[in-house]
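Structural characterization, general
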Amino acid sequence: MSSVSLPMSMSGKSTDPFIVEAPFNEQGDCILQCPDRTQFKVYRIILSLSSPFFRDMFSLPQGMSTKQTSSLSSSLSDEADIPVIDVSEDPKTLHTLLSLLYPTDVPAINCYDLATSLVEACDKYSIELGRLRASPSLRNLMVKPALLKEHGLRAYALAWRLGLEDEAKTASRYLHGVDIKDRQIIADLNRRSGTISALLALWDLRLRREEALDVLVDSIPLRQWVCLPHGGLDVEDKMSYENEGNFRARARLLRHVTHLALQEPYPLCKDIRSFIGLQRVICGYCPGVPTAEVAPASASLANVIERYPQTISGYVVHSAAFLS
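The rules we used
Residues numbered from 1 in each chain as written. Predicted model: local features only at pLDDT ≥ 70, side-chain atom pairs only at ≥ 80, totals over all residues. Heavy atoms only, no water. Buried < 20%, exposed > 50% of the residue type's maximum accessible area, 1.4 Å probe, protein only. Helix = DSSP H or I, 4+ residues; strand = E, 2+ residues; numbered from the N terminus. Arc of directions from axis to C-beta. Phe/Tyr/Trp six-rings, centres within 6.5 Å; stacked < 30°, edge-to-face > 60°. Axes fitted to C-alpha atoms, helices over the stretch in contact; angles between N-to-C directions. Left-handed = near helix turned anticlockwise from the far one by under 90°. Contact = heavy atoms within 4.5 Å. Core = buried A, V, L, I, M, F, W, Y, C linked by side-chain atoms within 4.5 Å. Patch = residues over 30% accessible without salt bridge, like charges linked within 9 Å, V, L, I, M, F, W, Y side chains within 5 Å. Areas by Shrake-Rupley, 256 points an atom, 1.4 Å probe, with all protein chains shown as cover. Salt bridge = Lys/Arg side-chain N within 4 Å of Asp/Glu carboxyl O.

1. Examining helix α9 (residues 183-193)
Turning to α9, its buried residues number three or more, namely L189, R192 and S193. All buried residues of α9 fall inside an arc of 85° around its axis, so they share one side. Exposed positions of α9 whose direction lies more than 90 degrees from the buried face are R183 and Q184. Backbone geometry just after α9 places G194 at a positive phi near 80°.

So this is what it looks like as structure tokens:
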């Protein structure tokens, strides 16, 4: 039979109840109690084998209400005369965490908030991250394009925390437009990943991309195609200083629009004109790139893009090994 808890919202109104299911509503020799008073019956031996934190705590005398150094408290359960241990995790996080420790099916980890809470709980209780790292639902969560577009930074940080190098590389593709100079973003990334190495890897990727961008832009024969008289300046002589200044301005514009085009996680150039908005760079009045030159120029740019840095380099595993 399932145990039902009625948690309260911030406004004091009841929210959807969390139902504690087997094996955590049946038998145990201690109870873990969430802030909303949802209770999970567990066996101390299972917690002790999985967590040095709980092993040390259970080695202390039990039976009297006492406050542990970790801000957890023990008291006696009125109904069964077994210890009730208050924990700070919400019911969903605690249920999933306990499922990782027990020989039972693990609920789907279907959002980054839950995944992050689980990692923080594992760190708090000194629980090895191996089974969480192997969760199929978590691995699937971290490679969904729609979620990566919306939560790329969270996925990237989580992958670093768990030592999932392939997932970290995939997530880094979705961070090309993120301002990694922003202090709030830096603080959030460091907190979620547990290491400054995640930020340094992104900085390394940015530097490699900037260097490669110069090479890529230089491969585009802008001087052959650009129309200087229609450049928005009052230019009469194509060889004048003003003309050359106009060309440099258009070269800067070419670099800018190419940079924006390459922020896509998987940039694909089928037509150089549409890929970087080349007509805007060359001229708004003239035909632009000669038709005969479109296909070879597009193919050449596509080859350069294939070699363009898109992901971080691999030092994720070493960092995670240190963390766990």
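2. Topic: the packing of aromatic side chains
A full pass over the atoms with the stated rule returns eight aromatic pairs. Look at F18 and F40: their rings are 6.1 Å apart centre to centre, the planes differ by 50°, and that puts the pair in the tilted class. With F18 in strand β2 (residues 18-20) and F40 in strand β4 (residues 39-42), this residue pair connects regions lying 22 residues apart in the sequence. Measuring from centroid to centroid gives 5.0 Å for F54 and Y125, while their planes differ by 25°, and the two rings are stacked. Here the residue F54 occupies a position in helix α2 (residues 52-58), and Y125 occupies one in the loop between α4 (112-124) and α5 (130-133), the gap between them amounting to 71 residues.

3. Overview of the packing of helix α7 (residues 145-162) against α9
Contact pair α7 / α9: the axes reach a minimum separation of 8 Å and the direction vectors enclose 35°. α7 and α9 meet at a crossing whose hand is right-handed. In this structure, α7 uses L153, R154, Y156, A157, W160 and R161 to contact α9, whose residues at the interface are I185, D188, L189, R191, R192 and S193.

4. Considering the nonpolar core
Soluble globular proteins tend to bury their nonpolar side chains together. In this structure, L32, L47, L132, L138 and Y156 are the most contacted members of the largest nonpolar core, which totals 58 residues. Among the elements that line this core, the one with the most residues is α7, at nine residues. For L32, the contacting residues outside a window of four places in its chain are T38, Q39, F40, V42, L47, F54, I85, V87, L94 and L98. Counting 30 residues, the second-largest nonpolar core is a separate cluster that includes A212, V257, L262 and C283.

5. Re a nonpolar patch on the surface
On the surface, Y43, I45 and L49 cluster together into a nonpolar patch covering about 330 Å² of accessible area. In this structure, L49 sits in helix α1 (residues 44-50). On the accessibility criterion, L49 (72% relative accessible area) is exposed.

6. Considering the environment of L162
One can find L162 in helix α7. Remark: the alpha-carbon pair of L162 and S193, spanning 31 residues in sequence, is separated by 8.5 Å.

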